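Residue-level structure breakdown
Here are the chains, one letter per residue:
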Amino acid sequence: MNKTKKILSKIFTYVVIVFTIIVSTFPIIWVIISSFKTNGEILSSPFSLPSSINFDAYMYLFEKYDFLTYAINSILITSVATLGSLIIYALGAYVIAKYDFPGKNLFYVLFTLTLLVPAHSRTQPIFSLIMKLNLYNTREALMLVYLSGGMAMSMFILKSTFMAIPKSFDEAASIEGAGFFKVFYKINLPLAKNGLLTAGVLMFLANWNEYYYASLLTTSTQNRTLPVVMLLFNEAFSYDYTLTFAALVIVALPGIIIYSIAQEQVQESLASSGIKG
Amino acid sequence: MVISKKEKTHKIKKINSKKKLFWIYLFILPSLIIFITFYLVPIITVFFTSFTKWDGFNSPQFVGIKNYIKLFKNDAFLISLKNLIAWSVLAMTVHVGFGTLVAFILYKKPFGWKFTRTVFMIPNVISVAAWAMIYKFFFHNDIGILNNLIRFVNPSFNVKWFYQSPYAFWAITLTWVFYAVVVTLIVLGDLMAIPSDIHEAAKIDGASSWQTTLKINLPLCRNAIGTGVICSVTARIAMYESIILTTAGGPGDDTMNIPVILVNSLLDYRYGYANTSGVIMFVIGMITLLIVNKVFRMNDSIY
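Reading guide: rules and limits
- Residues numbered from 1 in each chain as written.
- Chains lettered and ligands numbered in written order.
- Predicted model: local features only at pLDDT ≥ 70, side-chain atom pairs only at ≥ 80, totals over all residues.
- Heavy atoms only, no water.
- UniProt positions renumbered as here; feature names shortened; annotations may be inferred.
- Phe/Tyr/Trp six-rings, centres within 6.5 Å; stacked < 30°, edge-to-face > 60°.
- Buried < 20%, exposed > 50% of the residue type's maximum accessible area, 1.4 Å probe, protein only.
- Lys NZ or Arg CZ within 6 Å of the ring centre and 35° of its normal.
- Helix = DSSP H or I, 4+ residues; strand = E, 2+ residues; numbered from the N terminus.
- Polar contact = N/O pair within 3.5 Å; in protein donor to acceptor, adjacent residues only side chain to side chain.
- Contact = heavy atoms within 4.5 Å.
- Core = buried A, V, L, I, M, F, W, Y, C linked by side-chain atoms within 4.5 Å.
- Salt bridge = Lys/Arg side-chain N within 4 Å of Asp/Glu carboxyl O.
- Axes fitted to C-alpha atoms, helices over the stretch in contact; angles between N-to-C directions.
- Parallel < 35°, antiparallel > 145°, perpendicular 65-115°, else oblique.
- Nonpolar A, V, L, I, M, F, W, Y, C, P; charged D, E, K, R; others polar.
- Left-handed = near helix turned anticlockwise from the far one by under 90°.
- Buried area = accessible area lost by both parts, 1.4 Å probe.
- Expected span 1.5 Å × (residues − 1).

The name an unreviewed UniProt entry assigns to chain B is Sugar ABC transporter permease, from the organism Vallitalea longa. The UniProt entry for chain B carries this comment under Subcellular location (unreviewed entry): "Cell membrane". Quoted verbatim from the Sequence similarities (unreviewed entry) heading of the UniProt record, the comment on chain B is "Belongs to the binding-protein-dependent transport system permease family."

Looking at an unreviewed UniProt entry, one finds chain A named Sugar ABC transporter permease, with Vallitalea longa as its source organism. Here is the UniProt Sequence similarities (unreviewed entry) comment for chain A, exactly as written: "Belongs to the binding-protein-dependent transport system permease family." Checking UniProt for chain A, the heading Subcellular location (unreviewed entry) contains the comment "Cell membrane".

What follows is the structure, encoded as C-alpha cells:
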C-alpha cells in the first residue's frame, strides 16, 4: 500500500516535471529547427528535421532587412537605459537601506508602489511628454522611458543587498577619513556586486524585450528595436515562414543567452530577496 | 564668548549631519525625479483628464463623467471586463496553482530539479511579442504543431485558433497560463526559508509528509502565493502584445482587453477617453491588491 503510494507520487512528480520542461522549451526549439527548413518543408511536414543546415535566411535578414540596424539600436538603447537606471536606483536604494532621514519610508513606499501601476495606463502622458521634448521617433525617447521601467523591482533587490552589508564597514571607513561618497563608491558598491548584477540583468532583459513603447514611440527603421520587427513580420512576410522563423530566433535568442549566463545568480536573488521586499 | 567643549563637538556633529543630509538627498534625487516624471505626474494627468474631452492639441474640456458612461456603454469594454474576470480566475486557479505545484515538487529536489527551474524561466526571458508570434505559428492550422498532432487522431480537425470563436479566447489563454515561473520562484523561496525545526516537530508528532505539505508548508507560504496572485492578475490587466499580434482583439471583440481599447483611442486622438480606460485599469489593480491582501492576510506576520 505504502509502496504503491510512493511509486504513484514519483510518477506524478515526473509527469509534472516533464510537462513543465516541454511547455517551456518545445515552442522555441520547434521555431529554431523550422528556421533551417525551406518554406516547402515547413508546409508539408511540420515535424521533420531540416534536410540541410544553412544560415541563408539569417544572412538574408541582415543583408536585406536592416537587421543589423535593429540589433545595434536594441543593444544601444538597452545598454544605456539599463546602466542609467542601475546607477540611479543604486544611489536611491543605498541611502534608503543605510541611513535614517525624514521621508525615507515615504520614498520607499512610493518607489515600490510603482510595481502596481499598469505600464499601459501611463501611456498618454508619456507619449505627450516625448512629443513635447521633441523626441518622438528617436532612440533617446526609448532610453528615457526605459529608465523608469524596473524601479520597484530594483529597489527591492538593491535595498536588501545594501542592507546585508554590515554597517561596521562604513564606520571603519569613516573613521579612516572616507567621505560619504567614498564610503558608497569604495566600500558598498563593490560588495553589492551580486544584487547589482541581478537587478541589471532583469532590467536588461525587460528593456531588450520591450515592445509596447518601442512600437508606439518609434516609426522609422533607423530607430526601431528588434522586438518591433515582429510587427513587420506579422503583416508583410506572413507567408515566408523560413524568414519569419529566423527573425523570431534572432529576437528571442539574445535574451535566452544572457539569462543562461547569469541564471544561477538571478534565480537565487529573485527567490531570497524577492519581489516581496 | 567662550564655547564649551561639549557645545563645540555638538556643533561639529551638526555640521556633519547637515552635510550628510545633503548627500542623502542628492542620492535620492535622481530616483525621485524619475518617480515624479514617469509615475506621479502621469497618474495625476490620467486621473484629471479622464473627466475631459481632449485631443492632445487643444486644451482639455471638462465633461464630467461622460467618458466613463461612454466606456461602460461600449460593448468592446464590457467584453474586456468579462474577459478580464475570466482570465483573472484562470490566473488565480490554473496559473498560480500550477506554479505552486511546481514549487512544491521542486522543493523535494527530485532528479533534474535545477534544470527544470532553469528552463521554466525561458518563456519569461523571451520578448512577449516574439512569444506571441511563436504561439501564432504553433497554433497555425496548416503548419502548426498542435493541429497536426490532433490530426493524427482526428484527420478532419480544422480549427483556426486565433481567428475562430470561441477558440481565440483559449488560444490567448494558452500563451500564458502555464508559464508561472515567477510564482514558482517566490513560493520556492518561502518554502526553503521554513525553519527545519518546524518540520522536525511535525515529524515527532507523527505527521505524514502529505499532512506536512498541506497543513504546514502551504499555509506558511501564503504570502508568496498572494504575491503570485497579485503579479499574475496585474499582468492580465496589462495584457497587450499577446493579443495585438495574434487576434488584435477579434474575432469580433472576443479577445478584447482594456489596453487594446486604450491604444486604439490614443491613436484616434481621444486622449480623455483613453485615460478613462487607464484609470479603470489602475482602479482594478488597486482593488485586486486590497482583496488579495485581505484574503491571504498578507499583513499578518507568519512565524
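From this point, the discussion proceeds with the structure in view.
Glancing now at the packing of aromatic side chains. The full count for this structure, using the stated rule, is 57 aromatic pairs over all chains. Plain terms: the ring middles of Y212 of chain A and Y213 of chain A are 5.1 Å apart, the flat faces sit at 80° to each other, and that makes the pair edge-to-face. Assessed through its relative accessible area of 2%, Y212 of chain A is described here as buried. The exposure class of Y213 of chain A is buried, given its relative accessible area of 5%. Lying over the aromatic face of Y108 of chain A, K159 of chain A brings its terminal NZ or CZ to 4.1 Å of the ring centre. A cation over an aromatic ring shows up here: K70 of chain B above the ring of Y273 of chain B, its NZ or CZ 5.1 Å from the ring centre.

To continue, consider the side chain of T276 of chain B. All names here are of chain B. Relative to the helices and strands, T276 resides in helix α15 (residues 271-295). In terms of polar contacts, T276 uses its side chain to reach the backbone carbonyl oxygen of G272, at 2.9 Å. Setting aside residues up to four positions removed in sequence, T276 forms contacts with S50, N67, Y68 and L71.

In this structure, F67, Y94, V95, F162, F245 and L248 of chain A together with V187 of chain B are the most contacted members of the largest nonpolar core, which totals 182 residues. Beyond its immediate chain neighbours, meaning those up to four positions away, L248 of chain A contacts V31 and M230 of chain A together with A130, M133, I134 and F137 of chain B.

This paragraph deals with the pattern of salt bridges. Opposite charge on two side chains lets them pair, provided their charged atoms get close. Residues and elements named next belong to chain B. Under the defined criterion, the tally for this structure stands at three salt bridges over all chains. With a shortest N-O distance of 3.5 Å, R270 and D268 are connected by a salt bridge. Judged by relative accessible area, R270 falls into the partly exposed class, the value being 34%. Among the residues examined, D268 registers a relative accessible area of 48% and is labelled partly exposed.

By secondary structure assignment, the location of T118 of chain B is in helix α4 (residues 113-120). Not counting residues within four places of it along the chain, the set of residues in contact with T118 of chain B comprises Y259, Q263 and Q267 of chain A.

Residue and element names in this part refer to chain B. In this chain, S165 is followed by P166 through a cis amide linkage whose omega measures 0°. If you trace the backbone, P166 turns up in the loop between α7 (145-153) and α8 (167-174). The backbone of A248 shows a phi angle near 55°, a positive value even though the residue is not glycine. In this structure, A248 sits in the loop between α13 (241-244) and α14 (258-267). Classification of A248 by relative accessible area gives partly exposed; the value is 43%.

Another point: the UniProt feature "transmembrane region" (unreviewed entry) in chain B. All names here are of chain B. Mapped onto this structure's residue numbering, the UniProt feature "transmembrane region" (unreviewed entry) falls at residues 21-48, 84-107, 119-139, 167-188 and 271-292. Secondary structure content for residues 21-48 is 100% helix and 0% strand, and the end C-alpha separation is 35 Å. Structurally, residues 119-139 comprises 81% helix and 0% strand, and the distance from its first C-alpha atom to its last is 22 Å.

According to UniProt, the "domain: ABC transmembrane type-1" (unreviewed entry) feature falls on residues 81-292 of chain B. As a span, residues 81-292 of chain B carries 72% helix and 0% strand, and end to end its C-alpha atoms are 19 Å apart.

Here we come to the packing of helix α8 (residues 151-163) of chain A against helix α11 (residues 193-209) of chain A. For any two helices packed against each other, one specifies the inter-axial angle together with the distance between the axes. Residues and elements named next belong to chain A. Following both chains from N to C, one finds α8 and α11 inclined at 170°, their axes separated by 9 Å at the closest point. One element, α8, and the other, α11, form an angle in the roughly antiparallel class. Note on element contacts: α11 touches α8 through G195, L196, T198, A199, L202 and M203, opposite M153, S154, I157, L158 and T161. Residues that form the contact of α8 with α11 fall into these classes: seven nonpolar, four polar and no charged.

Quick look at α7 of chain B now. Of the residues making up α7 of chain B, those classed as buried are I145, N147, N148 and R151 of chain B. Each element contacted by the buried residues of α7 of chain B is listed here: α1 (2-34) of chain A together with α6 (128-138) of chain B.

This paragraph deals with the packing of helix α3 (residues 75-107) of chain B against helix α12 (residues 222-237) of chain B. Residues and elements named next belong to chain B. α12 packs onto α3 with a crossing angle of 140° between their chain directions and a minimal axis gap of 9 Å. The angle between α3 and α12 falls in the class oblique. As for how α3 packs across α12, the hand of that crossing is right-handed. Residue-level contacts link L84, W87, S88, A91, M92, H95, V96 and T100 of α3 to I225, G228, V229, S232, V233, R236 and I237 of α12. A breakdown of the residues in the contact of α3 with α12 according to their chemical character gives nine nonpolar, five polar and one charged.

Take the interface of chain B and chain A next. The partner chain A presents 84 residues to the 81 residues of chain B that form the contact. Area buried by chain B at its contact with chain A is led by F27, F38 and Y39 of chain B, which between them contribute 10% of it. Our count for the chain B to chain A interface comes out at zero salt bridges. Between chain B and chain A we count twelve residue pairs in polar contact (both at pLDDT 80 or more) in total.

If you check helix α9 (residues 181-192) of chain B, its first and last C-alpha atoms are 16 Å apart, about what twelve residues at 1.5 Å a residue would give, namely 16 Å. Every buried residue belonging to α9 of chain B is among V181, V183, T184, L185, I186, V187, L188, G189, D190 and L191 of chain B, and all of these are buried.

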